[in-house]
Amino acid sequence: MSVNPDTPAPIPDLADLIVHLARLGQSTAATRLTAAQWMALRFFARASRLSRTPSAFSCYHATTRGTASQTVKSLVEMGLLARQSHATDGRSTILDVTEAGHAMLRRDPLEDLRHVLARLDPEAHAALATALGHAVSDLAHLRDVPVFGTCVDCAHCQHDAEGNVCLQSQAYLSQGDMAAICVEFRPAPTAAQS
Ligand code: SF4
């Protein structure tokens, strides 16, 4: 049987492809952490100080607070996360990645996926990043959960003579702050929306 060259190629189910890519990328067979523990360790390494809480992680990971707390507890017991009291709220806890946690992250199974994606041509890479960013934002809206993002695309981020400032916390932002994912993030309106 021959294929009619005029027949358009079937369009792949993108949702299925994305889920498969994610599962393959974070395959943890060769590591001692589960996929959820890796997700938590990455989150706490990248989150802003105010976002390094079990409840912010439960929103980010789209899981219950109980499940998120169990994951965090297991990482604390392994010495990969350490608890600190919140500077202004003694009842809350901030989680920091320990040196052992950072050493573990250098063996992150997601590195293989990062290398594969880094080989895409720059235009395709940028287009994919934009498209996936929009999809994450739309899905979070549909699920009524917060969208996480960084200061670069945040409506609360302003620039003045002193540098970048967060209007939400009324604090100037360091380069590290600018790259951190934040639970207070609010997407800045696009040129088409403003
Ligand atoms: S500017 Fe936005 S993303 Fe950055 S710290 Fe403030 S609220 Fe968070």
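Residues numbered from 1 in each chain as written. Predicted model: local features only at pLDDT ≥ 70, side-chain atom pairs only at ≥ 80, totals over all residues.

Engineer: When you look at the site of the ligand in this model, what are you seeing that I'm missing?
Structural biologist: As a matter of local geometry, the ligand sits amid Ser48, Thr150, Cys151, Cys154, His156, Cys157, Cys166, Gln168, Ser169, Cys182, Glu184 and Phe185. Across the shell around the ligand, the residue classes tally to six nonpolar, five polar and one charged. (Near = placed C-beta within 6 Å. Nonpolar A, V, L, I, M, F, W, Y, C, P; charged D, E, K, R; others polar.)

Engineer: Would you mind showing me how to read helix H7 (residues 122–143) here?
Structural biologist: Quick reminder: α-helices carry 3.6 residues per turn. Residues three or four places apart thus point the same way. For H7, which comprises 22 residues, the first-to-last C-alpha distance of 31 Å matches the rise-based estimate of 32 Å (1.5 Å per residue) to within 8%. Burial analysis of H7 places just zero of its 22 residues in the buried class, a small minority of the element. With its phi angle positive at about 60°, aspartate 144 sits one or two positions after the end of H7. (Helix = DSSP H or I, 4+ residues; strand = E, 2+ residues; numbered from the N terminus. Expected span 1.5 Å × (residues − 1). Buried ≥ 20, exposed ≤ 12 C-beta atoms within 10 Å, placed from the backbone.)

Engineer: What exactly am I supposed to notice about the sheet that holds strand S3 (residues 157–160) here?
Structural biologist: Pairing between the strands of a sheet comes from backbone hydrogen bonds, and it takes one of two forms, parallel or antiparallel. The sheet built from three strands is open, its strands ordered S3-S4-S5 with antiparallel pairing. Each end of this open sheet is capped by a strand with a single partner; those strands are S3 and strand S5 (171–172). Here two bridges tie strand S4 (residues 163–166) to S5, and the two strands are oriented antiparallel to one another. Its bridge partner lying in S5, valine 165 is registered against tyrosine 172. (Pairing = 2+ DSSP bridges.)

Engineer: Is there a simple way to think about the nonpolar core in this case?
Structural biologist: Nonpolar side chains tend to gather and get buried jointly when the protein is soluble and globular. Counting 27 residues, the largest nonpolar core has Ala40, Leu41, Phe44, Phe57, Val72 and Leu81 as the members making the most contacts within it. For this core, the secondary-structure elements that each account for two or more residues are helix H2 (35–46), helix H3 (54–60), helix H4 (65–77) and strand S2 (93–97). The leading source of residues in this core is H2, at five residues. Built from parts of two domains, this core gets at least three residues from each of domain 1 (26–113) and domain 2 (137–194). (Core = buried A, V, L, I, M, F, W, Y, C linked by C-beta atoms within 7 Å. Domains from an automatic or database assignment.)

Engineer: Can you help me understand unusual backbone geometry in this one?
Structural biologist: Trans is the common state for peptide bonds, and a negative phi is the common state for residues other than glycine. In the Ramachandran plot, alanine 62 falls in the positive-phi region, its phi being about 50° despite a non-glycine side chain. Relative to the helices and strands, alanine 62 resides in the loop between H3 and H4. Positive phi outside glycine occurs at aspartate 144, with the angle close to 60°. Judged by local crowding, aspartate 144 falls into the exposed class, with 6 C-beta atoms found within 10 Å.

Engineer: Looking at this structure, I do not really get the domain arrangement of the protein. What am I missing?
Structural biologist: Frequently, the measure chosen for interface size is the accessible area that the parts lose on association. For the protein, the assigned domains read domain 1 (26–113) and domain 2 (137–194). Computed over C-alpha atoms, the centres of domain 1 and domain 2 are 22 Å apart. Across the boundary between the two partners, domain 1 contributes nine residues, which contact nine residues of domain 2. Broken down by element, the residue count for the side of domain 1 that touches domain 2 peaks at three residues, all from H3. Residues that form the side of domain 1 that touches domain 2 fall into these classes: six nonpolar, two polar and one charged. (Contact = placed C-beta atoms within 7 Å.)

Engineer: Even after reading the chapter, I still don't get the packing of H2 against H4, so can you show me in this structure?
Structural biologist: The relative placement of two packed helices comes down to the angle between their axes together with the axis-to-axis distance. Relative orientation of the contacting elements H2 and H4 amounts to 80°, with a least axis distance of 10 Å. With respect to H4, the axis of H2 lies roughly perpendicular. Residues Ala36, Gln37, Ala40 and Leu41 of H2 pack against Thr71, Val72, Ser74 and Leu75 of H4. Its residues assigned to classes, the contact of H2 with H4 comprises five nonpolar, three polar and no charged. (Axes fitted to C-alpha atoms, helices over the stretch in contact; angles between N-to-C directions. Parallel < 35°, antiparallel > 145°, perpendicular 65-115°, else oblique.)

Engineer: Please explain the environment of leucine 14 as it appears in this structure.
Structural biologist: As for its placement among the helices and strands, leucine 14 is situated in helix H1 (residues 14–25). Residues leucine 14 and methionine 104, spaced 90 residues apart in sequence, show a C-alpha to C-alpha distance of 31 Å.

Engineer: For this particular structure, what's the right way to read H4?
Structural biologist: For H4, spanning 13 residues, the distance from its first C-alpha to its last is 18 Å, which sits close to the expected 18 Å at 1.5 Å a residue. Ala68, Thr71, Val72 and Leu75 are the residues of H4 that are buried. Around the axis of H4, the buried residues are gathered within 95° of arc, so they sit on the same side. H4 presents Gly66 and Glu77 as exposed residues on the side facing more than 90 degrees away from its buried surface. Contact partners of the buried residues in H4: H2, H3, strand S1 (81–85) and S2. Following H4 by one or two positions, glycine 79 has its phi on the positive side, about 80°. (Arc of directions from axis to C-beta.)

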